[in-house]
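Each chain, letter by letter, is given below.
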Amino acid sequence: MFISLIGMAGVGKSYWSEKLKKEKGFKRFGIDDMIEKALGPELEELGYSGIKDMSRWLGQPYDERCPENSGKYLELEAKNLKEALDAAENGISENIVIDTTGSVIYLSGELLLRMKKLTKVVYFNTPKEVIEKKIKQYFDNPKPIIWGEAYKPLAGEKEVAALKRCYPALLAYRTGLYEKLADTTIDYYEQMDKSYTVDDLLGSLI
């Protein structure tokens with residue numbers, strides 16, 4: 001079985017991909033980890049390490065470095081997703097799980113179509129009340145994020161104020177794209193329940 005996990009950051013993709021690896025022997029491709037590894041030398045040169053520092057490297061949409069670094073991030077994301085899909089297509093393992101990043105929906109239509117053809121795309125949804133918490137968390141502890149065209153400051157609007165106004169719209173936009181891409185949707189509260197198991201997850205995909 002080949003599975004791709006999609007959804008917002010912190011929704012459980014990495015947790016369940018690790019569970020599939022440890023409990024069921026799935027070959028795991030953690031795209032965030034692969035991107036961080038590829039950027040390692042550049043991040044190290046800046047004295048950066050970890051997801052939080054990768055966010056600093058990426059920058060906010062009003063930072064001069066953001067367009068270039070966002071492009072580099074998406075190039076690495078596409079490269080590593082392709083590597084994972086090649087592994088599935090070449091049959092290196094009977095069971096593969098791809099832990100995608102939140103920005104997977106920005107990749108080319110061709111690559112996303114290939115992901116849908118080769119894998120079962122599983123979307124971990126995020127209810128409205130959890131999204132509201134994530135908005136606060138983002139400003140308390142930013143993680144790497146690709147804004148695309150979602151950052152649209154108003155005339156005379158301060159940068160942070162524009163971020164706070166535009167971020168909810170970004171998440172709403174992403175939600176629509178995740179839903180469109182998904183083959184199966186897993187309820188947030190269901191998969192967060194302590195009684196929910198890897199077998200429950202796999203059973204929902206049959």
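My aim in this report is to walk through the structure given alongside it, one point at a time. Quick caveat: nothing in here was measured; it's all calculated off a predicted structure. (Residues numbered from 1 in each chain as written. Predicted model: local features only at pLDDT ≥ 70, side-chain atom pairs only at ≥ 80, totals over all residues. Heavy atoms only, no water.)

Evaluation of the coordinates by the stated rule reveals 13 salt bridges. The shortest N-O distance in the salt bridge between Lys24 and Asp199 comes to 2.8 Å. Of this pair, Lys24 sits in helix α1 (residues 13-24) while Asp199 sits in helix α10 (residues 198-203), placing them 175 residues apart in sequence. Accessibility expressed as a relative area gives 36% for Lys24, which makes it partly exposed. Accessibility expressed as a relative area gives 47% for Asp199, which makes it partly exposed. Across the pair Asp63 and Arg65 runs a salt bridge whose closest N-O atoms are separated by 3.8 Å. Judged by relative accessible area, Arg65 falls into the partly exposed class, the value being 38%. (Salt bridge = Lys/Arg side-chain N within 4 Å of Asp/Glu carboxyl O. Helix = DSSP H or I, 4+ residues; strand = E, 2+ residues; numbered from the N terminus. Buried < 20%, exposed > 50% of the residue type's maximum accessible area, 1.4 Å probe, protein only.)

As a further point, take helix α2 (residues 31-38). By the burial criterion, the buried members of α2 are Ile31, Met34 and Ile35. Summarising the axial view, the buried residues of α2 lie within an arc of 100°, below the 170-degree limit, and thus occupy one face. Summarising the contacts, the buried residues of α2 are in contact with β2 (27-30), α4 (50-58), α5 (66-89) and β3 (96-99). (Arc of directions from axis to C-beta. Contact = heavy atoms within 4.5 Å.)

Here we have 5 strands laid out as an open sheet, ordered β2-β3-β1-β4-β5, and parallel in their pairing. In the strand order of this sheet, the two ends are held by β2 and β5 (184-186), each with one partner. Adjacent strand axes in the sheet meet at a mean angle of 20° when their direction is disregarded. The sheet contact formed by strand β4 (residues 120-124) and β5 spans 3 bridges and is parallel. Residue pairing across strands places Val122 opposite Thr184, the latter belonging to β5. Lying on the sheet, α2 is in contact with β2 and β3; it crosses β2 at an angle near 55°. Of the strands in this sheet, β1 (2-6) and β4 touch helix α8 (residues 159-181), which is tilted by about 145° from β4. (Pairing = 2+ DSSP bridges. Axes fitted to C-alpha atoms, helices over the stretch in contact; angles between N-to-C directions.)

In this model, α5 (24 residues) spans 34 Å end to end at C-alpha, consistent with the 34 Å of a helix rising 1.5 Å per residue. On its buried face, α5 sits against β1, β2, α2, α4, β3 and α6 (109-118). Looking one or two residues past α5, Gly91 carries a phi angle of roughly 65°, positive in sign. (Expected span 1.5 Å × (residues − 1).)

Everything listed here is a matter of geometry and, on its own, says nothing about what the molecule does.
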